[in-house]
Amino acid sequence: RLSHQILRWCTGQAGSAASRILFVSGGRIYQVDADGHGLRALTPAGQTALSPTWSPDGSQFGYVQLTDRGWSVILQRFATGTRTTVPTTTDETNITPTFAPDGRHVIFAKSGERGTNLVRVNIAELCCAERLTVGPFADNLSPVYSPDGRRVAFVSTRAGGQQIYVMGADGTNQELLVPFDYGRTGNSNAPDWSPDGAMITFHRETSRTPQIWVHDVARRSSRQLSSTGRNEDPSWAPDGRHIVFVSDRTGRGQLHVIDLDTGRVRQIVT
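Residues numbered from 1 in each chain as written. Predicted model: local features only at pLDDT ≥ 70, side-chain atom pairs only at ≥ 80, totals over all residues. Heavy atoms only, no water.

**Here's the deal with the overall build of the chain**
- A count of helical and extended segments in the chain gives zero helices and 24 strands.
- Over its C-alpha trace the chain gives a radius of gyration of 17 Å, about what one expects of a compact globule, namely 18 Å for 270 residues.
- Over its C-alpha atoms, taken along the principal directions, the chain stretches across nearly 45 × 45 × 35 Å.
- The buried share of the chain, taken over its 270 residues, is 52%.
- Once local pairs closer than 6 in sequence are excluded, the contacts in the chain between residues at least 24 apart make up 35%.
- Accessible surface computed for the chain: about 11900 Å², of which carbon and sulfur atoms make up 46%.
- Across the chain, 28 positive and 25 negative side-chain charges occur, with their mean positions spaced 3 Å apart. (Helix = DSSP H or I, 4+ residues; strand = E, 2+ residues; numbered from the N terminus. Rg over C-alpha atoms; globule rule 2.2 N^0.38 Å. Buried < 20%, exposed > 50% of the residue type's maximum accessible area, 1.4 Å probe, protein only. Contact = heavy atoms within 4.5 Å. Areas by Shrake-Rupley, 256 points an atom, 1.4 Å probe, with all protein chains shown as cover. Lys, Arg positive; Asp, Glu negative; His and termini not counted. Charge placed at Lys NZ, Arg CZ, Asp CG, Glu CD.)

**Quick word on the state of the cysteines**
- In the structure shown here, the tally under the stated rule is one disulfide.
- Here Cys127 pairs with Cys128 through a disulfide, and the sulfurs are 2.4 Å apart. An S-S torsion of about -70° defines the bridge between Cys127 and Cys128 as left-handed.
- Judged by relative accessible area, Cys128 falls into the partly exposed class, the value being 48%. (Disulfide = S-S within 2.5 Å.)

**With respect to the nonpolar core**
- Counting residues in each nonpolar core, the largest one holds 24 residues, and the members touching the most others are Leu118, Ile164 and Ile200.
- At the level of secondary structure, the elements contributing two or more residues to this core comprise strand 10 (105-112), strand 13 (138-145), strand 14 (151-156), strand 15 (163-168), strand 16 (175-178) and strand 18 (199-206).
- When residues no more than four places from it in sequence are discounted, the contact partners of Leu118 are Ile107, Phe108, Ala109, Glu130, Arg131, Leu132, Thr133, Asn140, Leu141, Pro143, Phe154 and Met167.
- By size, the runner-up hydrophobic cluster in this structure holds 14 residues, among which are Leu7, Tyr30, Ala34 and Val246. (Core = buried A, V, L, I, M, F, W, Y, C linked by side-chain atoms within 4.5 Å.)

**A word on the pairing of strand 12 (residues 127-131)**
- Here strand 11 (residues 115-122) runs beside strand 12; their pairing, made up of three bridges, is antiparallel. What sits directly across from Asn122, in strand 12, is Cys127. (Pairing = 2+ DSSP bridges.)

**Here we look at the pattern of salt bridges**
- Enumeration according to the criterion identifies ten salt bridges in this entry.
- Taking the shortest distance from any N to any O, the salt bridge between Glu175 and Arg220 comes out at 3.6 Å. Placement of Glu175 in strand 16 and of Arg220 in the loop between strand 19 (209-216) and strand 20 (221-224) is noted, with a sequence separation of 45 residues between them.
- According to the relative accessible area criterion, Glu175 is partly exposed, its value standing at 38%.
- Here Asp181 and Arg184 are joined by a salt bridge, their closest N and O atoms 2.5 Å apart.
- Owing to a relative accessible area of 28%, Asp181 belongs among the partly exposed residues under this scheme.
- Residues participating in the shared-partner salt-bridge network are Arg241, Asp259 and Asp261. (Salt bridge = Lys/Arg side-chain N within 4 Å of Asp/Glu carboxyl O.)

**Looking at the sheet that holds strand 18**
- Read across the open sheet, the four strands follow the order 17-18-19-20; overall the sheet is antiparallel. The open sheet is flanked by strand 17 (185-193) and strand 20, the only strands paired with a single partner. Averaged over all pairs of adjacent strands, the angle between their axes in this sheet comes to 30°, without regard to strand direction.
- Judged from the eight bridges that link them, strand 18 and strand 19 form a sheet pairing that is antiparallel. Residue pairing across strands places Glu205 opposite Pro210, the latter belonging to strand 19. (Axes fitted to C-alpha atoms, helices over the stretch in contact; angles between N-to-C directions.)

And the structure:
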């Protein structure tokens, strides 16, 4: 089954990067144009890779790769294919990386015996790991920066189930952002911030099936966008009007795009 945060729509400005989407299939990371053309594999066969994320300028992407010591966070250049392992990620389980808007830092989730916490590393200097969340036996994962770089939304189980929280980029002022709607919905996962910073999209268990939702950050209100099949792992387009996500509405997990203005959904690739 496709895992959390398997795809990301590029928000970078390098060339035509903004028209490209990264996704995972069969443990490999692929790239495809938003119109379904230009499909190509970016990671080798035989290596398991997950959680792709674009750098702000579109010149490289990050992902996690399974090694004999755990999951490592890798940065890979598009032009040269050069790969760099992020410091402190050569062992244990390191997942769901995301770039800061200035391109100088990466935040990811590191798992240990006492839970999973978010860690920030200075990738400009390849140093200086800082733990941003603290709390025994809770999982904190799937971070995503706000467009201005001042806040980070993430998923946490500190109150029991998976809910979406927000904090300052330095880990301060952590608070619940998207609470449970008790009796109607369940766990929330895979948040992604809209380009204007006003909305967050995510998937949430609704009648025991994941569906795509959007949350108005200022109004603290959420609305459901999908209802047919399983719908997961949403990502905003740079235009703020479209969201790409995974849906099995056609019988198996495929990439689909919804137009928020019209409600029209189209499939990208088969």
